[in-house]
Amino acid sequence: MAQHKSAVKRVRSSTRRRMQNRHYKSMMKTAIQRVRSATTKDQGQAALLNAVSVLDSLAAKRIIHRNTAANQKSKLTKFVNKLQ
């Protein structure tokens, strides 16, 4: 267990950050999953719009790297374009 005041504070803050990051990563995975589970092009485009928004906001907050967001958006766009 942490002994110093600064270490106790670090435990509190790292726990808070970890919970926030878990929430954001879960939100991102859900948005990606909704795009991947789309069966029609209209459904895919609607889900893609939401996923792109989520990925951009996470990249802006530096929760994920901006290149990771760009790669995900590219993959999802290719997937939606292949739908009928």
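Residues numbered from 1 in each chain as written. Predicted model: local features only at pLDDT ≥ 70, side-chain atom pairs only at ≥ 80, totals over all residues. Heavy atoms only, no water.

## Some remarks on the packing of helix H1 (residues 5-36) against helix H2 (residues 41-60)
Closest axis-to-axis distance for the H1/H2 pair is 8 Å, and the angle between their directions is 155°. Of the possible angle classes, the one that applies to H1 and H2 is roughly antiparallel. Taken as a pair, H1 and H2 cross one another with a handedness that is left-handed. On the side of H1, the interface is formed by Tyr 24, Met 27, Met 28, Ala 31, Arg 34 and Val 35, while H2 contributes Ala 47, Leu 48, Asn 50, Ala 51, Val 54, Leu 55 and Leu 58. In terms of residue class, the contact of H1 with H2 is made up of 11 nonpolar, 1 polar and 1 charged. (Axes fitted to C-alpha atoms, helices over the stretch in contact; angles between N-to-C directions. Helix = DSSP H or I, 4+ residues; strand = E, 2+ residues; numbered from the N terminus. Parallel < 35°, antiparallel > 145°, perpendicular 65-115°, else oblique. Left-handed = near helix turned anticlockwise from the far one by under 90°. Contact = heavy atoms within 4.5 Å. Nonpolar A, V, L, I, M, F, W, Y, C, P; charged D, E, K, R; others polar.)

## Focus: the packing of aromatic side chains
Inspection of every chain in the model, using the stated rule, returns 0 aromatic pairs. The ring of Phe 79 has Arg 36 lying over it, and the distance from NZ or CZ to the ring centre is 5.1 Å. (Phe/Tyr/Trp six-rings, centres within 6.5 Å; stacked < 30°, edge-to-face > 60°. Lys NZ or Arg CZ within 6 Å of the ring centre and 35° of its normal.)

## Thoughts on the packing of H2 against helix H3 (residues 66-82)
The interhelical angle for the contact between H2 and H3, taken along N-to-C directions, is 180°, at an axis separation of 10 Å. With respect to their mutual orientation, H2 and H3 come out roughly antiparallel. Mapping the contact onto sequence places Lys 41, Gly 44, Gln 45, Leu 48, Ala 51, Val 52, Leu 55, Asp 56 and Ala 59 in H2 and Arg 66, Ala 69, Gln 72, Lys 73, Leu 76, Thr 77, Val 80 and Asn 81 in H3. Classifying every residue of the contact of H2 with H3 by side-chain character gives 8 nonpolar, 5 polar and 4 charged.

## Quick notes on the environment of Gln 33
With respect to the secondary-structure elements, Gln 33 resides in helix H1. Judged by its relative accessible area of 57%, Gln 33 is exposed. A sequence separation of 14 residues divides Gln 33 from Ala 47, and the C-alpha atoms of the two residues are 9.2 Å apart. (Buried < 20%, exposed > 50% of the residue type's maximum accessible area, 1.4 Å probe, protein only.)

## Some thoughts on H1
Taking 1.5 Å as the rise per residue, H1 with 32 residues should run 46 Å; its terminal C-alpha atoms sit 47 Å apart, in good agreement. Buried within H1 we find Ser 13, Tyr 24, Met 28, Ala 31, Ile 32 and Val 35. (Expected span 1.5 Å × (residues − 1).)

## Let's talk about the environment of Ala 70
Structurally, Ala 70 can be placed in helix H3. With relative accessibility at 38%, the residue Ala 70 sits in the partly exposed group. Spatially, the C-alpha atoms of Ala 70 and Leu 55 are 8.2 Å apart, while their sequence positions differ by 15 residues.

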